Amino acid sequence: MSKVEVRKVDRQRRKSSKPSPQMVRRQPAKKRRKVPLWLLLGLGSIGACSAAAGAFLAVSLTSAPLQQRALSAADTAFFNQNKEAFSRSLLQVPEVSKPVNILLLGIKTNLSDVKTASGNERKKAGFDAEVDSLDGLSDTIMLLRFDPQTKRTVFLGIPRDTKIERTGHGTEKINAVDRESGPAAAAKEVSKVLGGVAIDRYIRLNNKGVSKLIDELGGVTVTVPKDIKYQDDSQHFYINLKAGRQHLDGEKLLGLLRYRNDANGDIGRMQRQQMVVKALMEQTLNPMTIARIPQLFSVIQSHVDTNLTVEELLALGSFSMQNGKSKMQMLMMPGDYNGDGKNGTSYWLPDEKRIQNMMARYFDRGTLTLEQPKVETLRVKIQDTSHFPDATARLIKRLNKAGYQNVHLDTAPKIKEDLAISQFIAQKGNPEVAEGLSKILGIGETKVDSSGNLYSDVTIKLGRDWIEKERAYNTVNQKD
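Parameters and conventions
- Residues numbered from 1 in each chain as written.
- Predicted model: local features only at pLDDT ≥ 70, side-chain atom pairs only at ≥ 80, totals over all residues.
- Heavy atoms only, no water.
- Buried < 20%, exposed > 50% of the residue type's maximum accessible area, 1.4 Å probe, protein only.
- Helix = DSSP H or I, 4+ residues; strand = E, 2+ residues; numbered from the N terminus.
- Arc of directions from axis to C-beta.
- Axes fitted to C-alpha atoms, helices over the stretch in contact; angles between N-to-C directions.
- Parallel < 35°, antiparallel > 145°, perpendicular 65-115°, else oblique.
- Contact = heavy atoms within 4.5 Å.
- Nonpolar A, V, L, I, M, F, W, Y, C, P; charged D, E, K, R; others polar.
- Core = buried A, V, L, I, M, F, W, Y, C linked by side-chain atoms within 4.5 Å.
- Salt bridge = Lys/Arg side-chain N within 4 Å of Asp/Glu carboxyl O.
- Polar contact = N/O pair within 3.5 Å; in protein donor to acceptor, adjacent residues only side chain to side chain.
- Pairing = 2+ DSSP bridges.
- Phe/Tyr/Trp six-rings, centres within 6.5 Å; stacked < 30°, edge-to-face > 60°.
- Lys NZ or Arg CZ within 6 Å of the ring centre and 35° of its normal.
- 1 Å grid on protein atoms, 1.4 Å probe; cavity = no way out; pocket = protein on both sides within 12 Å on 5 of 7 lines; lining within 4 Å.
- Points joined across faces, edges and corners; volume = space filled by probe spheres on them.

Please provide a residue-by-residue account of helix α16 (residues 431-441), values included.
Of the residues making up α16, those classed as buried are P431, V433, A434, L437, S438 and L441. Down the axis of α16, the buried set is contained in an arc of 165 degrees. They therefore lie on one face. G442 sits one or two residues past α16 and shows a positive phi near 70 degrees.

Outline the packing of helix α15 (residues 391-401) against α16, supporting the account with residue identities and numerical values.
Contact geometry of α15 with α16 gives a least axis separation of 11 Å together with a crossing angle of 105 degrees. As summarised for this structure, α15 and α16 are arranged roughly perpendicular, according to the angle between their axes. Of the residues in α16, those in contact with L395, R398 and L399 of α15 are L437, I440 and L441. When grouped by side-chain class, the residues that make up the contact of α15 with α16 number five nonpolar, no polar and one charged.

I'd like a description of the nonpolar core, backed by residues and values.
Core analysis: the biggest nonpolar cluster contains 47 residues, and F155, V222, L253, L256 and L316 have the highest contact counts within it. One finds L71, L143, V197 and M332 within the second-largest nonpolar core, a separate group that totals 38 residues.

Quick one: what's the story with the pattern of salt bridges, residue by residue and with numbers?
As enumerated under the stated definition, the model contains 19 salt bridges in all. Among the ionic pairs, R269 bridges to D139, the shortest N-O distance being 3.4 Å. Taken together, the residues R269 in helix α10 (residues 265-284) and D139 in strand β4 (residues 137-147) connect sequence positions 130 residues apart. As far as burial versus exposure is concerned, R269 and D139 are alike and both buried. Via salt bridges that share partners, D139, R160, D161, K173 and R269 belong to a single interconnected network.

So what about the side chain of K278? Which residues, and what values?
Counting through the fold element by element, K278 comes out in helix α10. The buried category is assigned to K278, whose relative accessible area is 12%. Among the polar contacts made by the side chain of K278, one reaches the side chain of D449 at a distance of 2.7 Å. Contacts of K278, omitting those with residues within four sequence positions, involve M328, M330, K447 and D449.

Residues and numbers for the sheet that holds β4, please.
The strand order across the open sheet built from six strands is β13-β8-β3-β4-β5-β14, with neighbouring strands paired in mixed fashion. Both outer strands of the open sheet, β13 (304-306) and β14 (328-332), are each paired with one neighbouring strand and no more. With direction set aside, neighbouring strand axes in the sheet form an average angle of 20 degrees. Here six bridges tie β4 to strand β5 (residues 152-157), and the two strands are oriented antiparallel to one another. Looking at the pairing, M142 lines up with G157 of β5. Those strands touched by helix α12 (residues 293-303) are β8 (201-206) and β13, and its axis lies near 75 degrees from that of β13.

Which residues make up the packing of aromatic side chains, and what values go with them?
According to the stated counting rule, one finds five aromatic pairs in the structure shown. Relative to Y259, the ring of Y230 lies with its centre 6.2 Å away and its plane at 70 degrees, an arrangement referred to as edge-to-face. Of this pair, Y230 sits in strand β10 (residues 228-232) while Y259 sits in the loop between α9 (250-258) and α10, placing them 29 residues apart in sequence. What makes Y230 partly exposed here is its relative accessible area of 24%. With a centroid separation of 5.2 Å and an interplanar angle of 85 degrees, the aromatic rings of Y337 and W348 are classed as edge-to-face. Of this pair, Y337 sits in strand β15 (residues 335-337) while W348 sits in strand β16 (residues 348-350), placing them eleven residues apart in sequence. Given the relative accessible area of 22%, Y337 is considered partly exposed. One aromatic cluster in this structure is built from F78, F79 and Y202. Taking NZ or CZ as reference, K163 lies 5.5 Å from the ring centre of Y347, over its face. Geometry around F78 places K188 over its ring, the cationic atom sitting 5.8 Å from the centre.

I'd love a proper account of the environment of L66, names of residues and values included.
Along the chain, L66 falls in the loop between α3 (37-60) and α4 (73-78). In this structure L66 comes out as buried when scored by relative accessible area, which is 12%. Residues L66 and V310 lie 244 residues apart in sequence; the distance between their C-alpha atoms is 7.6 Å. Those residues in contact with L66, other than ones at most four positions away along the chain, are F297, I300, V304, D305, T306, L308, V310 and L313.

Could you give an account of empty space enclosed by the protein, naming the residues involved and the relevant values?
Empty space among the atoms becomes visible once a probe the size of a water molecule is rolled across them. The tally for this structure, following the rule as stated, stands at one cavity of 30 Å³ or more. Taken as a whole, the largest cavity spans an internal volume of roughly 60 Å³. Around the largest cavity, the lining residues are D139, T140, I141, M142, I158, P159, R160, D266, R269, M270 and Q273. Secondary structure elements with two or more residues in the lining of the largest cavity: β4 and α10. Of the residues in the lining of the largest cavity, the class split is five nonpolar, two polar and four charged.

Take a look at the structure:
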């Protein structure tokens, strides 16, 4: 055959080897791989979040600060001492680029606080009604630090009864400053009490705003430490909560936050406030929350006064989601009460030396002086969540043997928790002390927190790991 004839035969063979349309239809189809349902849902959620966030960013990132009250040039300068911006957009996702300190003020406003309220309005209300305004006292005062270098978020609670000496006003409580002179004046007084730390931004919101934000987020699950029942007919304020872990809406959560008729008064309330903040961050800082940004932004616009821009708010939210609860630390400004308030005004008196150490350790302000308390005088309180007979007695005995003589069971009502792992809470912000106790006992995890016993250096929340360790220890001894 010639070369031309060979090529012709090859073409015919290839053509005859191709299946006909009929043959193709008769052949069984290849089995399609199933995509897991969780993957589809996850991708759908990411898509929805991205779409919502993208649309929101497109219209909002150029917004001015979300302020409801204009600041003077001097006050604006106070909040911009660190002239460099603390947020930047990387591939259109805002991020925190340097440490930033933010003052959070939670305002409770009654009708009598509102300067523009008329006598007829008050008479018509018939009681001291709580209103949607920012003219009241600061029920909550916290300084927040977001630090991208340590990847840590710090919450420092400042008691509302903190005593200050204010130029032109004399002696007063720090919670009155914002009502009298505005957020910049409040920030300046907080900075002064804390040794001159810079404050970059402020956030003010009232109780109505808190309630609406909680409801928009779908509520929050918290552990109510004890039964709380309270009635104030003059303000139509009622609380009726049972102890234990439960999901609360905005109104019920406000009751938990505002209640102060317990042994620790305002300090107990501040501890509950920090507990709620932590629970909120743990439960809401996830990708699904991004889809609700437009709704949350609507609430923020109506009820929040802040000199943060939208870009800065998103940068802070992104930072918190990335770093999570493991890098969250709750502190309380060191000090003590001057009395019970029965024979005069009750103030929280700041402890300047301990404040200086706390600011150096957590806010990069000043020099840290490490002073380890003596083992025999270290104040240790035990809160038993295991509810196992003799568990605390054996633990106290073990610590006494190791030289810790000031160890006692917390006499407060038993905590309604069930902890698998014991917690060693550095109540005064000294993690080394808590870590030492944890190592001696060979159990638990260390937390920098202010949720423990107010008059302890370390509070031990005793969990099931101690019971398991004791059982293993006893089993070995019995064999010996």
